[in-house]
Every structure is written in C-alpha cells, then in structure tokens.
Amino acid sequence: MLKARSILIALVSLCLGTWWSASFSWAKPSPCETCHEKIAPKQAKDFNRSKMAEKLDCSDCHGLEHLDSDDVDKAKLPTFETCRTCHKARVEQYLDGKHALGLAAMQAMPYTHAQPKVFIEGQKGCGGCHALGVKSDESRRYYPYGMDCQSCHTRHAFSKKEALQPEACLPCHMGFDHAQWEMWSGSKHGVTYLTNRAMGSENLERAPTCQTCHMPEGNHRVFSAWGFLGVRLPEEDEGWLADRITILKGLGVLDPSGNPTPRLDLVKRIKLARLTKEEFEAERNRYARVCAECHSAGFYQENIQNGDVMLREADRLFAEAIHIVGSLYQDGIIPMREGYFAYPDLLSFYEVNTKIELILYEMFMDHRMKTFQSSFHMNPDFATWYGFAKMKKDLKEIRELAPKMRMEAQR
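Going along each chain's sequence as written, the residues are numbered from 1 onward. With pLDDT at 70 or above as the cut-off, local features in this predicted model cover only qualifying residues; side-chain atom pairs require 80 or more to be listed or tallied, and sums for whole chains, interfaces and linings still use all residues. With hydrogens and water set aside, each side-chain value is computed from the structure's full complement of heavy atoms.

Q: Is there a simple way to explain the overall build of the protein chain in this structure?
A: Per the convention used, a helix needs a DSSP run of H or I reaching at least four residues, while a strand needs a run of E reaching at least two, with both numbered from the N terminus. Of the regular secondary structure elements, the protein chain holds 20 helices and zero strands. Taking the principal axes of its C-alpha atoms as reference, the protein chain extends roughly 105 × 55 × 35 Å. Remark: exposure states derive from per-residue accessible area (1.4 Å probe, protein chains only) relative to the maximum for the residue type, with buried under 20%, exposed over 50%, and partly exposed in between. The buried share of the protein chain, taken over its 411 residues, is 39%. By definition, residues are in contact when any of their heavy atoms lie within 4.5 Å. In the protein chain, the proportion of contacts linking residues at least 24 apart, taken out of those at least 6 apart, comes to 62%. Per-residue and other accessible areas were derived by the Shrake-Rupley procedure at a 1.4 Å probe size, with only the shown protein chains allowed to occlude residues. For the protein chain, the exposed surface amounts to about 23,500 Å²; the carbon and sulfur share of it is 58%. For the purpose of charge, His is not counted, nor are the chain termini; Lys and Arg are scored as positive and Asp and Glu as negative. Working definition for charges: the position is that of NZ of Lys, CZ of Arg, CG of Asp or CD of Glu. When the 53 positive and 54 negative side-chain charges of the protein chain are each reduced to one mean point, those points stand 4 Å apart.

In structure tokens form, the structure reads like this:
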C-alpha cells in the first residue's frame, strides 16, 4: 500500500512539474504585449503561439525606442539582419537565392518608375510581391512593409508548419506570368498531395510540394536551372541558339547587331539567366537528386529533356514573332523608342503604342512562360491550352497585323 502511494505521489509530482514547465515556458510578457493585447489582441495571441515566444519578447525584433514614446514610427520593423541573429544559415541561404533579388528585379524594369506610387511602393501591384529583398532600414523608407522572412513565415506566429505548406507560395506564384500554383495543384503531383492531405493521410511525402523540389532539406536559396526568363548560354543546338539570340535582343541584353548592352550586366547581377554550362548543370543536378527519391534516372532524364524541348519549340515561335515586329521598327513603321534602339523592348510590358507590340508582350510574359513552366511542373494540359496553343494564336495574329500596318503606313 505504501509503495502504491509513493508511486502515485511520484506520478502526480511528474504531471505537476510538466504542467508547471509548460505553463511558464513563455518569456515574461513585455510592456509591448500588455499594450497590444488591448489595441491588436490577435498580434499578441499569434506571437504567443510562436516558438520565439519561449525565449524572446517584442523588443528583440522591434527595439525599445517606442516604449518611451507614443510615436509608433520609433518601433523598428525587422529586416533580414534581425532574423540573422538567430537564423544565420537560413538567412544566408535566402540572400544567396532569387527571392532576395525580387526588389532589384522590379526596380530594374525600365518603366517601374512611371507607375503609380501605390502600385509599387504601396504594394498594390508589382510591389506586393517584388518588395522581396528589402535588406536595410534605408530601403524600408520606401517599402515599409517590404517582404522578407515574414512573407512565408507570416507574422506574428512565424510558423514553420504553415511555411511548409504549398499554399505559402500561392500569393505570389499564381496568375499571369508565373502560374506555378495552378500548374502544380492541377498536376499529378499536386492532386496526389492535396487529396492525401484532405483525407487526413499521414503519407504526405508521397508527392512533392513546392518546398520539396525548390527547398530540398530546407535550403532557403530557392533557385532553378532555367530561371525566370528561360534563357541560358552557351547552347549547342545552333537553331535554338539563333532563336535565343533573337530573344536576348528583345530583352535588350544584346543590341540589334548582337553586341552586349549594359543590360547584360544587370541580368548577371540579378541572376535572371544561366550564363555558363557549369552554372546551369549545377542547378539541374540539384533537382535530379530530388527526383531520384521517387523516380528512376531514365524517367527523370526523359521528362526533364522533354521540358527543354518544349522551351525550344516555344522559342522557335517566339523568335519569329520578334523578327516580324523588329522589322516594323527597322523600317520605321513603328517609331523608335526614345533612348532605345530600333527594336521591340520586351521589358516595356504594356507601355507600348501598338497592338502588335501588346500581343508580343503577352506572348512573352504569359504564354511562353506557361508553356515551359507547365512542362517542368508536369501539367501537360496547362502547357498545351494556356501556353503553346496561345503562342500559335499570337504568332498568327502578328503575321496578319504586320502587312496591314505596312499598307496603312504607305497611305
């Protein structure tokens, strides 16, 4: 009896100790939290859901200056440097990757400065995603809520579990020029994953998510072999190389004579293209290792090469379209753009004067993107009807419009 009582007391003590430890593992509430529980209670609630609440309080990220003043501007907004204090390796991976270059890419576009301020700095347009890459307090002056770690680990819970879900990528990777969510979620990979999750299955590793392929082992670098523009150099296929040179002219990286322009340095700096064979192969091999977890080497090689061929076929159509519109510039049918040579500038986007240029722009940013991105995301229907078939339609319209514009110019 005495032994049983001793065991019972020990068990009760263990339970109380566990409860006590769990109940008081959080850091002591800071004055910030006490105040924000009144004015924005869910901020405080979210923070106390986070792992960080076990060791940190609000001031570790937002500073102490606001405590002595009603001036909310004195509360610091965290940057990458703030997160680096505890997450050095992940921040360095991120800063070496493409997401950290989002702001630089947006600012490099020739007509960004001409857009409404709210569209860019107010994050109601391009700036809503491309404020990724705000790295300093100086940048925060223009992009006060610039996207960084909190873009995926949403504040103030900063949940790793949430960030591991494919929907974490959805707000930016959807729609017009990078519809990766639609491609993946409608592919066999996406359907398998989402169906298993909906059924409450624990076998979610049966199919890859965005993070599986693009962030293997949690690496925050997030890169791909072809990159956003789908451009690489050198190229052994001479026909494809000729088409790619035409595309590089349209991107303003080469001038109409094929000579490099200052934009080439820009493309290098923001890593929009792979400019050596070694660089391309290094990225490609990284994906091969991920695919080998589920697929044979032969299956992987066949599918990845077929994706390359789809991009080659897309470039064949696109290069012809650029040549047709380029000839209209060179013959003076379309006036030369101020400060630019007589050639279509694909990075002008909608800032053009003719319908034929708009068609060319949409062929590039919408239909070509969907053709090759869907091919690599294993969604053949999307690659066909939202990509390749649309490119053929674009080219047909461009072929018909060009002679009409020439005839009108002669009147």
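From this point, things continue past the structure.
Q: How should I be thinking about the state of the cysteines in this particular structure?
A: Counting rule for disulfides: a pair of cysteine sulfur atoms within 2.5 Å. Considering all chains together, one arrives at one disulfide under this definition. Through a disulfide, C129 is tied to C172; the S-S separation comes to 2.5 Å. Looking along the S-S bond of the C129-C172 disulfide, the torsion reads about -105°, which is the left-handed sense. Residue C129 is found in helix 9 (residues 127–130), and its partner C172 is found in the loop between helix 11 (160–163) and helix 12 (180–185); the two are separated by 43 residues along the sequence. On the accessibility criterion, C129 (22% relative accessible area) is partly exposed. Its sulfur unpaired, C149 is 3.6 Å from the next cysteine sulfur, which belongs to C83.

Q: Would you take a moment to explain unusual backbone geometry for this structure?
A: Most peptide bonds take the trans configuration, and most residues that are not glycine carry a negative phi. Cis peptide bonds are those with omega within 30 degrees of zero, and the linkage from R155 to H156 qualifies with 0°. One can find H156 in the loop between helix 10 (137–140) and helix 11. With omega at -5°, the peptide bond leading from L233 into P234 counts as cis. Its place among the elements puts P234 in the loop between helix 14 (210–214) and helix 15 (238–250).

Q: Is there a simple way to think about helix 17 (residues 277–291) in this case?
A: The end-to-end C-alpha distance of helix 17, which contains 15 residues, comes to 21 Å, matching closely the 21 Å that a straight helix rising 1.5 Å per residue would cover. Among all positions in helix 17, only F280, E283, R284, R286, Y287, A288 and V290 are buried. On its buried face, helix 17 sits against helix 14, helix 18 (297–330) and helix 19 (355–376). One less than the residue count of a helix, multiplied by 1.5 Å, gives the span that helix is expected to have.

Q: I tried to follow the packing of helix 2 (residues 31–39) against helix 3 (residues 41–49) on my own but got confused; where do I start?
A: Between two packed helices, what matters for the description is the angle formed by their axes and the separation of those axes. All axes are obtained by fitting lines to C-alpha atoms, using only the stretch in contact for helices, and the reported angles, taken between N-to-C directions, cover 0 to 180 degrees. Between helix 2 and helix 3, the shortest axis-to-axis distance is 5 Å and the interhelical angle comes to 130°. With respect to their mutual orientation, helix 2 and helix 3 come out oblique. For the pair helix 2 and helix 3, the contacting residues are E33, H36, E37, K38 and I39 in the first and P41, Q43, A44, F47 and N48 in the second. Each residue gets one of three labels, nonpolar for Ala, Val, Leu, Ile, Met, Phe, Trp, Tyr, Cys and Pro, charged for Asp, Glu, Lys and Arg, and polar for the others, Gly among them. The residue makeup of the contact of helix 2 with helix 3, split by class, is four nonpolar, three polar and three charged. Any angle that is under 35 degrees is reported as roughly parallel, and any over 145 degrees as roughly antiparallel; angles of 65 to 115 degrees are reported as roughly perpendicular and all others as oblique.

Q: Even after reading the chapter, I still don't get the packing of aromatic side chains, so can you show me in this structure?
A: How two aromatic rings sit relative to each other is set out by the distance from centre to centre and by the angle between their planes. Centres within 6.5 Å make a pair out of two Phe, Tyr or Trp rings, where for Trp the six-membered ring is used; the pair is then stacked when the planes are under 30 degrees apart, edge-to-face when over 60, and tilted otherwise. Taken as a whole and assessed by the stated rule, the structure comprises 11 aromatic pairs. Plain terms: the ring middles of W181 and W184 are 5.6 Å apart, the flat faces sit at 50° to each other, and that makes the pair tilted. With W181 and W184 both in helix 12 and three residues apart, this pair spans about one turn of that helix. The class for W184 is buried, based on a relative accessible area of 6%. Note on Y350 and Y361: the rings are 4.6 Å apart at their centroids and 75° apart in plane angle, and the pair reads as edge-to-face. Here Y361 lies in helix 19 and Y350 lies in the loop between helix 18 and helix 19, a separation of 11 residues in the sequence. For Y350, a relative accessible area of 43% puts it in the partly exposed group. Accessibility expressed as a relative area gives 7% for Y361, which makes it buried. Three or more aromatic residues joined by ring pairs form one cluster here, namely F176, F349, Y350 and Y361. If you follow R232 out to its NZ or CZ, it ends over the ring of F280, 4.5 Å from the centre. Look at NZ for Lys and CZ for Arg. If either is within 6 Å of the ring centre and within 35 degrees of the ring normal, a charge sits over the ring.

Q: Explain the nonpolar core to me, please; I cannot follow it from the model alone.
A: In globular proteins that are soluble, nonpolar side chains generally tend to be buried together. Within this scheme, the nonpolar core is defined by two criteria: the residues are buried Ala, Val, Leu, Ile, Met, Phe, Trp, Tyr or Cys, and they are joined through side-chain atoms within 4.5 Å. With 47 residues, the main nonpolar core has L251, F318, I356, L360, M363, F364 and I398 as its most contacted residues. In terms of residue count, helix 18 provides more of this core than any other element does, 10 residues in total. Residue contacts for M363: discarding those within four places in its chain leaves L317, F318, A321, R368, M391, D394, L395 and I398. With seven residues, the next largest nonpolar core counts F80, V91, L132 and C172 among its residues.

Q: Could you clarify how one ought to interpret the pattern of salt bridges in this entry?
A: One side chain can pair with another of opposite charge once the charged atoms of both are near each other. Criterion for a salt bridge: a side-chain nitrogen of Lys or Arg within 4 Å of a carboxyl oxygen of Asp or Glu. With the rule as written, the count across this model stands at 27 salt bridges. For R286, the salt bridge goes to E283, with nearest N and O atoms at 3.1 Å. Of this pair, R286 and E283 both sit in helix 17, three residues apart, which is roughly one turn of that helix. E283 carries the same exposure label as R286, and that label is buried. What emerges from the salt-bridge pattern is a single network uniting D96, R221, K271, E283 and R286.

Q: Just checking my understanding: could you explain the packing of helix 19 against helix 20 (residues 380–410) for this structure?
A: Direction vectors running N to C along helix 19 and helix 20 enclose 160°, while the axes themselves pass 8 Å from each other. Considering their axes alone, helix 19 and helix 20 lie roughly antiparallel with respect to each other. Between helix 19 and helix 20 the crossing geometry is left-handed. Split into classes, the residues belonging to the contact of helix 19 with helix 20 amount to 14 nonpolar, five polar and six charged. Here a crossing is called left-handed whenever its near helix is offset anticlockwise from the far helix by less than a right angle, and right-handed whenever the offset is clockwise.

Q: What's the story with helix 16 (residues 262–269) in this structure? I'm lost.
A: Because each turn of an α-helix spans 3.6 residues, side chains separated by three or four positions in sequence point in the same direction. Among the residues making up helix 16, those that are buried are R263, L264 and V267. Mapping the buried residues of helix 16 onto a view down its axis gives an arc of 110°, with all of them on the same face. Exposed and oriented more than 90 degrees from the buried face of helix 16 are P262, D265 and R269. Positioned one or two residues after helix 16, K271 has a phi angle of 55°, which is positive. By definition, the arc is the one covered by directions from the helix axis to the C-beta atoms.

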